[in-house]
Amino acid sequence: MRRRRCCWGPAAPLLLALLLGLGSPFAAKVNKHKPWIETSYHGVITENNDTVILDPPLVALDKDAPVPFAGEICAFKIHGQEMPFEAVVLNKTSGEGRLRAKSPVDCELQKEYTFIIQAYDCGSGPGGRNWKKSHKAVVHIQVKDVNEFSPAFKESVYKATVTEGKIYDSILQVEAIDEDCSPQYSQICNYEIVTTDVPFAIDRNGNIRNTEKLNYDNQHQYEIKVTAFDCGQKHALEDVLVRVNVKPVCKPGWQDWDKRIEYKPGSGSKPLFPSIHLETCDGPVSSIHTTIELQTNYIGKGCDRETYSEKSLQKLCGASSGAIDLLPSPSATTNWTAGLLMDNNGMIFKFDGKQGAKIPDGIVPKNLTDQFTITLWMKHGPSPGLRAEKETILCNSDKTEMNRHHYALYVHNCRLVFLLRKDFDQADTFRPAEFHWKLDQICDKEWHYYVVNVEFPVVTLYMDGTTYEPYLVTNDWPIHPSHIAMQLTVGACWQGGEVTKPRFAQYFHGSLASLTIRPGKIESQKVISCLQACKEGLDINSLESLGQGIKYHFNPSQSVLVVEGDDIENINQALRKVSYINSRQFPTAGVRRLKVSSKVQCFGEDVCISIPDIDAYVMVFQANEPKITISGTDHFARPAAQFESERGVTLLPDIRIVSTVTKMEHPVDEHDRANKPAVLEEMLHNLDFCDVLVIGTELDPEQECLELDRAELQGKHLDATNSTAGYSVYGVDSMNNYEQALRQIRYRNWDTSATFDRKFRVKCSELNGRYTSNEFNLEVNILHSSNSNLMDHINHMIVQPQFLQSVHHPEGSTSAVHNSVVPSVATIVIIICVSILIFIITLGVYRIRTAHQHSSSDNEGSKENEMDWDDSALTITVNPMEKYEKPHQREEESDEEDIEDEEEDTSSAESDESEEEEEDEEEEEEVIVQKRDKQKVTRQEQLEWDDSTLPY
């Protein structure tokens, strides 16, 4: 704005002086004008600073200038509520001023300020009277931002879940903020991943994506750090954590199950999959069909069954008596199986196509009648070749001359065939002769239980408890009668005729066990099911708690369970209740494989998804091995008359059978571990046989035998066999029932003249010899009455309490058994000899002492003086059975016999007290010396001392 110039001319100074001299009345007329300022101002102030830069600068003018006071600017005033600014005059004359902040301003609190400012002149004089103010001017101030804040993320942790095998454009977005007020410093211009070597990237907007496909198997979760930058390139003070979880691709299948299930013997029913559930990936499921299979074909004979002998099992299941075991364990009486291949326990026989066994004559009767039963366990695979030969299991054929098969059981092209040819004397018409069964199980290389029930002309096959009728029956003529002997064989058929040299033919390839034949009787369905029953299998706990719509089905052996339903949760609950159970007290340890297969159907589709099979296994632990101990009286003597009586003598009146298992106590700490002994805990279980065997020469059936009343076995699962080698009680029953049976076994000998003693051995078994007892030996003495004087003396000694001895079993046995045992004849004779020997030694010592004390004795005394008696090596043998006789008077003999009885009694007393102190012995010797003084003459006549062999 241009200033107007005033032209006063040369009179100006004069006029000014005049005015100043005139005084105040003219002053009011001097301050004529108001100060003048711009109408608006724009200013900028940097935060945390007090200087405001205005445009235009703050300057006030007054037309009254250069008049003092009236033409000067004294103040600038700001109008507004609590404005943090103030204006100051820098030069009153020039009117320059400055706008400044009274305190630091903060852009984050307020970015702009607008207020009114006016200028004031100094008035008409020094007091500022009659001042004037300018018009109002608008001041707009903008606060300039400083980049004082760093970016900060809104979340402390970011999480996201992705599915493996996919590339995402954006997995998640991170976001940071900046508290600065200006767009330059408050905006986030960039994000950056701090973690290195990760398959992720981030853009400037904070979107994180994966740069490659993720794999759940390689890594389940990724953790990365991210930072942010504002537009002033200031980064965040703290990096943010981002977690990316990798989820596997939804795969239908069973979840939350364990591959290994541990089973301890005696633990009952063990759930297999207590937490299992089915993942269907949200498919529209309409039905589920699940099969659980317990695979035990490699355990024993197809599963864990009782390993008792076939005889014991048949007795336990109530089978008819009279079964003949054609494949027994080799022994002295059953040696025809000795050359066959066997497994470890001797119950399974393996045939490799090169061997067979001849059954001795008399084991099986020639005439089996129209009713008989053949039972066996068989494991067989496909036969080699297109048309394989017959594989004989059992065959009864001509031993010589001809090659006729009277009856046989064989396998041919995976068919089981039973041949039965009648004789003409039994039938003279065309009759059924061959019965054929075609079953897949015959060649599946698995164990199966076969029972052939013959009730001619009807023949029925039971396999694993299921009935099968023959699909083909062929007829044939009966066999012509002849006098040719027959040979019964197992594993091959004997070809005795029509060949150069008799030999085996039609060998069997496979495994056989428990092959029996029972003439005259057939087995019931109940017995057959019991004989082949498995002791392990699948089970369902609390069937009543199964959900609605659940159907289930077990196979006969309970090794396969099928569960069906249309609700996933109900199927899950049903499978959680499926368990494994083994009812054997001593199960076979090892692995049992499990397989679970499932089929799922969806609405409107046959099969919508595929469920992978479960492959798991049950680990059955080894049971604690029992220790079976037999105890009782192991030595006794009885008069011969008792053995010759009708009832004989009971051998084992107080036999005791105890079984214990060893269990370790759990120590509290390591110091107690060495001090914690094994604890013996008594347990109850069954036995399957006990044998009472004769030690030494077998029994002579002409004069002796072992007996047991059959009535004692009634009501028990026991049977017995008797032979010259001993007595055998067999059958699966309790130890208590075995004790009762063994206590009734008697020994009879009706001609005891040549027998003085008998020795027996008792041994018991559980599980067909898997666990055996100790060998309990028993000695029995027969007391004869021929030597009357000696036997009277022995009988007198038997009743004396000091000869009753206690037999203590070793500490390692289950329990110490203390039994009073009557000494045998040999024991009594030894005691008498020792007593007489002690008496003679005592007498010798007495005579030496007497010789030293009485030097003036007779010839006997002088002889003893010359003798240097050394009794350290004295050995005197006396026959107590020989009577000493001297040619004395009858009266002297009677006196001497009384004295000898008295001396023997005294010697016996000294023998019993031999363990006392020496002082007691000396006192006894003094008593003996007194007695000897009284009877000196008699004893010298009685004793004739032979010292010719004594050393001097």
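Residues numbered from 1 in each chain as written. Predicted model: local features only at pLDDT ≥ 70, side-chain atom pairs only at ≥ 80, totals over all residues. Heavy atoms only, no water.

What about the side chain of His380?
Its location among the elements puts His380 in the loop between strand E28 (371-379) and strand E29 (391-398). Looking at His380, the relative accessible area reads 2%, which means it is buried. There is a polar contact of 3.1 Å between the side chain of His380 and the side chain of Glu391. Separated by 3.2 Å, the side chain of His380 and the backbone oxygen of Ile442 make a polar contact. (Helix = DSSP H or I, 4+ residues; strand = E, 2+ residues; numbered from the N terminus. Buried < 20%, exposed > 50% of the residue type's maximum accessible area, 1.4 Å probe, protein only. Polar contact = N/O pair within 3.5 Å; in protein donor to acceptor, adjacent residues only side chain to side chain.)

Focus: the pairing of strand E40 (residues 509-519)
Within E40, nine of the eleven residues are buried, which leaves the element mostly enclosed by the surrounding structure. One ladder, built from two bridges, connects strand E24 (residues 324-325) with E40; its direction is antiparallel. Bridged to Asp325 within E40 is Thr516. In this sheet, E40 lies alongside strand E26 (residues 348-352) in antiparallel orientation, the contact comprising five bridges. Its bridge partner lying in E40, Phe351 is registered against Gly510. Of the strand pairs in this sheet, E28 and E40 are connected by seven bridges, and their pairing is antiparallel. Paired with Trp377 across the bridge in E40 is Ala513. (Pairing = 2+ DSSP bridges.)

Re the side chain of Thr752
With respect to the helices, strands and loops of the structure, Thr752 is situated in the loop between strand E56 (746-749) and strand E57 (757-766). Polar side-chain contacts of Thr752 include one of 2.6 Å to the side chain of Glu644. Setting aside its immediate chain neighbours within four residues, Thr752 contacts Ala640, Phe643, Glu644, Ile782 and His784. (Contact = heavy atoms within 4.5 Å.)

Here we look at the sheet that holds strand E11 (residues 157-163)
Strands belonging to one sheet form pairs held by backbone hydrogen bonds; the direction of such a pair is parallel or antiparallel. The strand order across the open sheet formed by four strands is E11-E18-E17-E14, and the pairing between neighbours is mixed. One side of each edge strand has no neighbouring strand; the edge strands of this open sheet are E11 and strand E14 (188-193). For this sheet, the mean angle separating the axes of adjacent strands, direction not counted, is 30°. (Axes fitted to C-alpha atoms, helices over the stretch in contact; angles between N-to-C directions.)

Quick look at the environment of Ser610
Turning to its location among the elements, Ser610 is positioned in strand E46 (residues 609-620). Counting along the chain gives twelve residues from Ser610 to Ser598, while the straight-line C-alpha distance between them is 8.2 Å.

Here we look at the packing of aromatic side chains
If you walk through the whole model with that rule in mind, you get 17 aromatic pairs. Each ring, one from Trp377 and one from Tyr449, has its centre 4.8 Å from the other, and the planes form 40°; the classification is tilted. Here Trp377, found in strand E28, pairs with Tyr449, found in strand E33 (residues 447-455); they are 72 residues apart in sequence, far enough to count as distant. Assessed through its relative accessible area of 2%, Trp377 is described here as buried. Each residue in the set Phe372, Tyr407, Phe418 and Phe435 is aromatic and connected to the rest through ring pairs, giving one cluster. Stacked on the ring of Tyr120, the Lys or Arg Lys77 has its end atom at 4.7 Å from the ring centre. We note Lys358 situated over the ring of Trp494; from NZ or CZ to the ring centre the distance is 3.7 Å. (Phe/Tyr/Trp six-rings, centres within 6.5 Å; stacked < 30°, edge-to-face > 60°. Lys NZ or Arg CZ within 6 Å of the ring centre and 35° of its normal.)

Considerations on a negative patch on the surface
Together, Glu644, Asp700, Glu702 and Asp751 give the surface a local cluster of negative charge. Summarising the element assignment, Glu644 is placed in helix H6 (residues 640-644). By relative accessible area, Glu644 is classed as partly exposed at 38%. (Patch = residues over 30% accessible without salt bridge, like charges linked within 9 Å, V, L, I, M, F, W, Y side chains within 5 Å. Areas by Shrake-Rupley, 256 points an atom, 1.4 Å probe, with all protein chains shown as cover. Salt bridge = Lys/Arg side-chain N within 4 Å of Asp/Glu carboxyl O. Lys, Arg positive; Asp, Glu negative; His and termini not counted. Charge placed at Lys NZ, Arg CZ, Asp CG, Glu CD.)

Here we look at helix H5 (residues 568-576)
All of the buried residues in H5 are Asn570, Ile571, Asn572, Ala574 and Leu575. Where H5 is buried, its residues meet strand E19 (253-255), strand E22 (277-279), strand E23 (285-295), strand E43 (560-565) and strand E44 (578-582).

Description of the environment of Pro502
With respect to the element layout, Pro502 can be found in the loop between strand E38 (493-495) and strand E39 (503-505). The exposure class assigned to Pro502 is partly exposed, which follows from its relative accessible area of 38%. When the C-alpha positions of Pro502 and Lys399 are compared, they lie 8.4 Å apart, and in sequence the two are 103 residues distant. Other than its neighbours up to four places away in sequence, Pro502 contacts Trp494, Gln495 and Gly496.

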